[in-house]
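Observations on the three-dimensional arrangement
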Amino acid sequence: MKKSITLPILCLTIVLSFFVGQSSINAAESKDKITLRLFGLPKAGETTVTSKVGRIMVQEFAKEYPQYVLKPFKFATPSGQMDEGPLMAIANGLAPHGLYVNFRQSSTYIDHGFLAPMEILLARIQSKNPAVREVDASGKWKEDPTAEEIEKALHDLKAEMIDSIWPVVYRSNPTGTGPKSREKHVWFLPQDILTKTIIYRKDLFRRAGLDPQSPPKTWDEFIEYCRRIKAVKGEKDCYGAIVYRGAGVSYSIFSFMISNGVRYIGKKEDGKWHATFNTKAAAEAIYFVLQLCSEKFKIADDGKIYTTKVGDDENNKIYNQLEVKEYTGCVYDPMGGGEAWRLWQMGQIGMNTDYLDLSKIDYDPALTSFAPLPKSPKGTNNGELNASSMGVFAGSKPLAQLGTMRYLWFKKSKAMKKKFVDIMVNNGYGKFLNPTDLKKFGYSDIVKTIPKAMRETVEISFKNSVPEPYGKNTQQIYKKVSIPINWALERPELLAYPKEKALEKIKEQLDIAATRVDQFMLNQLTDKQKADRKFWGSIILIIIFGVFVASITWAWRHFKKQEKLMGLDNARYSKYYKAYLMMLPGMLLLFFINYLPLILGTPIAFMNYEFVIDNSWAGLDNFAAVLYDSRFWDSLGKTFYYALLVIGLGFWPPILLAIMLDEVPTETLKYIFRTIFYLPTIIAGIIMVFLWKQLYGPSDSGFLNQIMMSVNTLGPLSASCLKILLSLFWLSLVGFVTYSAFKLKELSWPVRAAIFAFAAALVWATLYPFINAWNGPSELEIDAL
């Protein structure tokens, strides 16, 4: 007996000793090595000059700070969206220590407490007191840096940035908690400053008869250049520029907006953010883009460009008499995708607005060149200013925060900057660097070789640029502003109106969009609007709860009624305890998988849930916000529509197949057809995946797409007959369900009412495409483009 007890205890002791020893080893290693997960580390296989510089920086940092191990942050995401990876990693407790931050998402990251104040961390690094860099047994800092040390660190950080970026990185946290949380801090550190410029193809300029040394300087010149490039003769079509339609169109034309004095979002006197894009200047910029995309033009033999003009009869007469090719639009305006980049690489697009990044050279100076953005009618050519930035995740342990800040500041050191310039110069890219940096590190002779146009582009672009939107919730601002822009671009008939009238119509759509941004994105509501939303939110919640309770009560009474009919209502539960015990594991599994997460997750619906900072109570605000968001109703409607189509289209084929299998004349054929029908259930899953992928492939090679496109090859009569046949097939289903609701009188009235409701839903599904086509694309559809 003793031996039987001693052996398990000995094994348990060995196992515990192993784990204790292993944890001791890990603890010892953690004192020596601190692993830092960072965005933006260079990949091992890349051979570009900038990747080479990045690897050298990592190697130099490892030599100076051997206690740190740098690892690139990786987190698989379903869609690959920018914020999806870090947010999922934060939720799973695997957050990167160094977060990538752009201007649009910065406010959200700051408000939710993701970022640690950088000037305090830098003060710890620079302080002569080693105690400010040490933690106690509980993992908290032993001491804090002095106010003078923090002020010096703040001054050093500001010296690393241009003045226009400083308000973006140095601001307060409006949702912070604690006595000092609302003070201003530096939240992230820009790595590479970017500004929008025009990049143009010099070879295509020459083919269009344009001077490559004289890029367009005004909007009028820009559209003229685009038209002449569009008229270039050749085997392949050419385009003057690129305008991406869809959800990103407001980002695509942002440079024109800024040049005309438009800002998408701004602050009121009370410090609250609000939409500022509903101005006449914005309408003028949209009208200009509409001209680029849809205006018809002709080029006479003498090279003069003609367009139709409202009220100019003489000009229009000349336009109509010209026996030359008519062009519609002078830019390439796809809904998205990589086709535009391919056309640019093939030399079919003349100009593009893109970032000028002096640290990443990925263009051929023999074919392309840069130029400042063209001046708007206001005489300004402001561009967008952006930066790839890094912040320190506030949820990391103190020593990891300190190590991340050390690495970010190390990259900004004078030695690393000089090394970067040296490598770029040695690899032949010196003339593409900032002239100021070249002079600072002793390469003044190279500055003289930089083309004057390039120097002016760098100087003008950085001087006139303004930061992209960085206020509250601005990660989604481009999608919101794209809605009225897409509305205008889908209506080329606006060009036939007098310009002022067209601008008024565009301005009306901008006003509607701005109101929606203020209400739904920035939550700028009056007290009455907030009260109304809470009232209706509570009413809907009560209705949902009432329906749930009524459903449970009805089901309980129904089963009790059945028990009574079966004579089981007086049966003792103890009589069936074995059955209940057999059901218990399954019921517990069902409870833990389905119901427990629902119960634990329900309070989140009434809270402002946070990952890093403390949660706050929201009450019914979340429900009210959803009820007043049209995207929710759009999504709900499309979900019901999809369900109806699945049920409707999935009803007739199985019935017909069952009838066919039952009516097969011989037993042999029955077995053959039944085998064919059942065969997919025994085919390997991987084969089924490929079959489904082939069936529903979104490309032209998809089987269902081929069937649908084959209809286009039919003649008018055949196509009409096919459409009538399919319509009759669908209407027969609608008629059958409606007939059943009235004729199946043996069914109870609730069942008949449910059938009638389903029939009404099928009628709605039939009419929905026509209603949707009449109303035009919804906000949800535009967001999905």
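Everything below is about the structure shown above.
Residues numbered from 1 in each chain as written. Predicted model: local features only at pLDDT ≥ 70, side-chain atom pairs only at ≥ 80, totals over all residues. Heavy atoms only, no water.

**A look at the overall build of the protein**
Secondary structure assignment for the protein yields 32 helices and 17 strands. Evaluated residue by residue, the protein yields a buried proportion of 38% over its 785 residues. Sequence separation of at least 24 residues holds for 69% of the intrachain contacts in the protein that already meet a minimum separation of 6. Taken as a whole, the protein presents about 46200 Å² of accessible surface, with 62% of it coming from carbon and sulfur. (Helix = DSSP H or I, 4+ residues; strand = E, 2+ residues; numbered from the N terminus. Buried < 20%, exposed > 50% of the residue type's maximum accessible area, 1.4 Å probe, protein only. Contact = heavy atoms within 4.5 Å. Areas by Shrake-Rupley, 256 points an atom, 1.4 Å probe, with all protein chains shown as cover.)

**Side note on the nonpolar core**
In terms of nonpolar packing, the biggest core is built from 76 residues, with Leu115, Met118, Leu157, Phe188, Met405, Val421 and Leu438 touching the most fellow members. Of the residues forming this core, the biggest block, 7 residues, is contributed by helix α15 (residues 398–411). Look past the residues within four positions of Phe188 in its chain and what remains in contact with it is Val101, Phe103, Ser106, Leu115, Met118, Met161, Val168, Val169, Arg171, Ser389, Met390 and Gly391. (Core = buried A, V, L, I, M, F, W, Y, C linked by side-chain atoms within 4.5 Å.)

**Concerning the packing of aromatic side chains**
In this description, an aromatic ring pair is defined by two values, namely the gap between the centres and the angle between the planes. Within this structure, the stated rule accounts for 31 aromatic pairs. Measuring from ring centre to ring centre gives 5.8 Å for Phe254 and Tyr478, while their planes differ by 75°; the resulting arrangement is edge-to-face. A residue pair is termed long-range when its members are at least 10 positions apart, and Phe254 in helix α11 (residues 254–259) and Tyr478 in helix α20 (residues 477–489) qualify at 224 residues. Judged by relative accessible area, Phe254 falls into the buried class, the value being 3%. Here the aromatic rings of Phe256 and Phe288 are separated by 5.4 Å at their centres, their planes lie at 65°, and the arrangement is edge-to-face. A residue pair is termed long-range when its members are at least 10 positions apart, and Phe256 in helix α11 and Phe288 in helix α12 (residues 280–294) qualify at 32 residues. Summarising the burial analysis for this pair, Phe256 and Phe288 share the class buried. An aromatic cluster of at least three residues, connected via ring pairs, comprises Phe61, Tyr65, Tyr68, Tyr407 and Phe410. (Phe/Tyr/Trp six-rings, centres within 6.5 Å; stacked < 30°, edge-to-face > 60°.)

**A look at the layout of surface pockets**
Computed from the structure, the second largest pocket encloses a volume of approximately 1200 Å³. What lines the second largest pocket is a set of 23 residues, and nearest its centre among them are Leu645, Leu649, Met708, Leu726 and Phe729. Sort the elements by how many residues they give to the lining of the second largest pocket and helix α30 (residues 716–743) lands first, with 7 residues. Per-class residue counts for the lining of the second largest pocket are 20 nonpolar, 2 polar and 1 charged. (1 Å grid on protein atoms, 1.4 Å probe; cavity = no way out; pocket = protein on both sides within 12 Å on 5 of 7 lines; lining within 4 Å. Points joined across faces, edges and corners; volume = space filled by probe spheres on them. Nonpolar A, V, L, I, M, F, W, Y, C, P; charged D, E, K, R; others polar.)

**Remarks on the sheet that holds strand β11 (residues 327–328)**
Read across the sheet, 3 strands follow the order β10-β9-β11 without closing on themselves; strand pairing throughout is antiparallel. In this open sheet, the two strands that pair with only one neighbour each are β10 (305–307) and β11. The pairing of strand β9 (residues 296–299) with β10 spans 3 bridges and is antiparallel. Paired with Lys298 across the two strands is Tyr306, which belongs to β10. (Pairing = 2+ DSSP bridges.)

**A word on helix α25 (residues 630–649)**
Taking 1.5 Å per residue, 20 residues should reach 28 Å; α25 reaches 28 Å between its end C-alpha atoms and fits that length. Considered for burial, the residues of α25 that qualify are Gly637, Tyr641, Leu644 and Gly648. For α25, the arc enclosing every buried residue in end-on projection is 65°, short of the 170-degree limit, so these residues lie on one face. Facing away from the buried side of α25 by more than 90 degrees, the exposed set consists of Thr639 and Tyr642. (Expected span 1.5 Å × (residues − 1). Arc of directions from axis to C-beta.)

**Re helix α3 (residues 84–91)**
Within the sequence span of α3, burial applies to Glu84, Gly85, Pro86, Ala89 and Ile90. Just past α3, the residue Gly93 takes up positive phi, approximately 75°.

**Comments concerning a nonpolar patch on the surface**
On the surface, Tyr577, Leu581, Leu584, Leu588, Leu589, Leu590, Phe591, Phe592, Ile593, Tyr595, Leu598 and Ile599 cluster together into a nonpolar patch covering about 1200 Å² of accessible area. Assignment of secondary structure puts Leu581 in helix α23 (residues 577–601). (Patch = residues over 30% accessible without salt bridge, like charges linked within 9 Å, V, L, I, M, F, W, Y side chains within 5 Å. Salt bridge = Lys/Arg side-chain N within 4 Å of Asp/Glu carboxyl O.)

**A closer look at the state of the cysteines**
Under the criterion given, the structure shown has 0 disulfides. The structure places no disulfide on Cys330, whose sulfur is separated from the nearest cysteine sulfur, that of Cys226, by 4.7 Å. When its relative accessible area of 1% is taken as the criterion, Cys330 is described as buried. (Disulfide = S-S within 2.5 Å.)

**Description of the pattern of salt bridges**
A pair can form between side chains of opposite charge whenever their charged atoms are brought close. This structure, assessed with the given rule, holds 17 salt bridges. When the shortest N-O distance is used, the salt bridge between Asp422 and Lys418 registers 3.0 Å. Pair noted here: Asp422 and Lys418 are both in helix α16 (residues 414–426), with a separation of 4 residues, about one helical turn. Given the relative accessible area of 17%, Asp422 is considered buried.

Remember that the coordinates give geometry; whether it matters functionally is a separate question.
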